[in-house]
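# Structure assessment
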Amino acid sequence: MAKKISKVIKLQEIIDGNDGLIQVAEVKKHIPFNVKRVYFISHMGYHSIRGFHAHKKLKQAIFCLRGNFEIEMYDGKWNGSNVLIRGEGILIPPMIWHVMRNFSDDCFIGVFASSVYKESDYIRNFHDFKRMLK
Ligand code: TYD
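Residues numbered from 1 in each chain as written. Predicted model: local features only at pLDDT ≥ 70, side-chain atom pairs only at ≥ 80, totals over all residues. Heavy atoms only, no water.

On to the nonpolar core, then. Counting 16 residues, the largest nonpolar core has Ile62, Phe69, Ile71 and Ile109 as the members making the most contacts within it. When contributions to this core are tallied by element, the ones reaching two or more residues are strand 6 (60–66), strand 7 (68–74), strand 9 (88–92) and strand 11 (108–113). Tallying contributions element by element places strand 7 first for this core, with three residues. Ile62 has contacts with Phe69, Ile71, Leu84, Glu88, Gly89, Ile90, Ile92, Met100, Ile109, Gly110 and Val111, leaving out every residue within four places of it along the chain. (Core = buried A, V, L, I, M, F, W, Y, C linked by side-chain atoms within 4.5 Å. Buried < 20%, exposed > 50% of the residue type's maximum accessible area, 1.4 Å probe, protein only. Helix = DSSP H or I, 4+ residues; strand = E, 2+ residues; numbered from the N terminus. Contact = heavy atoms within 4.5 Å.)

Successive side chains on a regular strand alternate, one facing one side of the sheet and the next facing the other. Within strand 7, five of the seven residues are buried, leaving the element largely enclosed by the surrounding structure. Relative to strand 8 (residues 78–85), strand 7 is paired through six bridges, and the arrangement is antiparallel. Looking at strand 8, one finds that Glu72 is bridged to Ser81. Where strand 7 and strand 10 (residues 97–101) come together, five bridges link them in antiparallel fashion. Across the sheet, the residue bridging to Met73 is His98, located in strand 10. (Pairing = 2+ DSSP bridges.)

So this is what it looks like as structure tokens:
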């Protein structure tokens, strides 16, 4: 029943001296699916909680582009929490309940998703989700 939950993945970082930092995510190398949508999350408060849902089919790679935050995942059991820092991301396969919290003030997140937005793909009730895992 329990699926293997992905490990943290690192973006390629190219430090361009005084001229900045390039962070690279390539399909296949960093993201194991074709990307159909990219979205960014910012302006979270210290008490913000995001996620709190699972997806039926959507695959996502969630990258912390600035600052840090914590993500917890449940696939039938809670799998501890990963604190992601700049340049790190995590793959969220389908049917993983995930919760993101403890965002730093400067936290900036980029999400690469395998499909366009479909509300029908969301499972937003934890009890429904647990029933669907069985
Ligand atoms: P949601 O995916 O629940 O945010 P998070 O996982 O970060 O907590 O989305 C919040 C709201 O924004 C919800 O009403 C759906 C809407 N939304 C879109 O319309 N399009 C999108 O691509 C995304 C990601 C969200």
